[in-house]
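Summary of the model geometry
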Amino acid sequence: MTDNKLAAGEDNRLVPGDTAPDFTLPDADGTEVSLADYRGRKVIVYFYPAASTPGCTKQACDFRDNLAELSGAGLDVVGISPDKPAKLAKFRDAEALTFPLLSDPEKTTLAAWGAFGEKKLYGKVVQGVIRSTFLIDENGRVEVAQYNVRATGHVAKLRRDLSV
């Protein structure tokens, strides 16, 4: 990456109209879940750095607390992180999360979606998960692509943006 290139993953970031990169990843119980499983429905796919950390817990609980309204609007929710399934299961159980949490320890899906790369953390440039949220339509196309979202207040903003 050259010095004048945009930071991390920005060269492969998804934009509305793109076909969402397919994935098949294990959930907290080790059951494989694919993006193709959601064809015919809209799905919110969000990427977060690590289960059971304060920001990621707040974000996951916000999705949990708004799941009835999101589902009522025809939206499913899937969270993806580099955590192993066992850690995701503990996180799910501790926070009573009722939507799939998927494991991408190789970070291949994160990278394909532009959600892994250089980012600033406390003023330093590091490699890591870029907190990102996408709305994928019934045909597997990106409708909304948001990068560097805030953990707190993000779900409320997303609901406003989607009029849910």
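The structure under discussion appears in the preceding block.
Right, let's walk through the structure included here. Starting from 1, residues in each chain are numbered consecutively following that chain's sequence as written. Selection of residues for local features in this predicted model requires a pLDDT of at least 70, selection of side-chain atom pairs for listing and counting requires 80 or more, and totals for whole chains, interfaces and linings are taken over all residues. With hydrogens and water stripped out, all remaining heavy atoms of the structure feed into the side-chain values.

Strand order across the open sheet formed by five strands is 5-4-3-8-9, with mixed pairing between neighbours. Whereas interior strands pair on both sides, the edge strands pair on one side only; in this sheet they are strand 5 (101-103) and strand 9 (142-147). The average angle at which neighbouring strand axes cross in this sheet is 20°, direction not considered. By definition, two strands form a pair when at least two bridges between them are found by DSSP. Think of it this way: any DSSP run of H or I at least four residues long counts as a helix, any run of E at least two long counts as a strand, and we number them from the N terminus. Two strands pair when backbone bridges link them, and strand 3 (residues 42-47) and strand 8 (residues 132-136) are joined in this way by five bridges, in the antiparallel orientation. Bridged to I44 within strand 8 is L135. Should any heavy atoms of two residues lie within 4.5 Å, those residues are counted as being in contact. With axes taken as lines fitted to C-alpha atoms, and helix axes fitted only over the stretch in contact, angles between N-to-C directions fall between 0 and 180 degrees. In this fold helix 3 (residues 85-95) packs onto strand 4 (75-81) and strand 5, with an angle of close to 165° to the strand it touches most, strand 5. Against the sheet, helix 5 (residues 154-162) makes contact with strand 3, strand 4, strand 8 and strand 9, and its axis sits at roughly 145° relative to strand 9, the strand it touches most.

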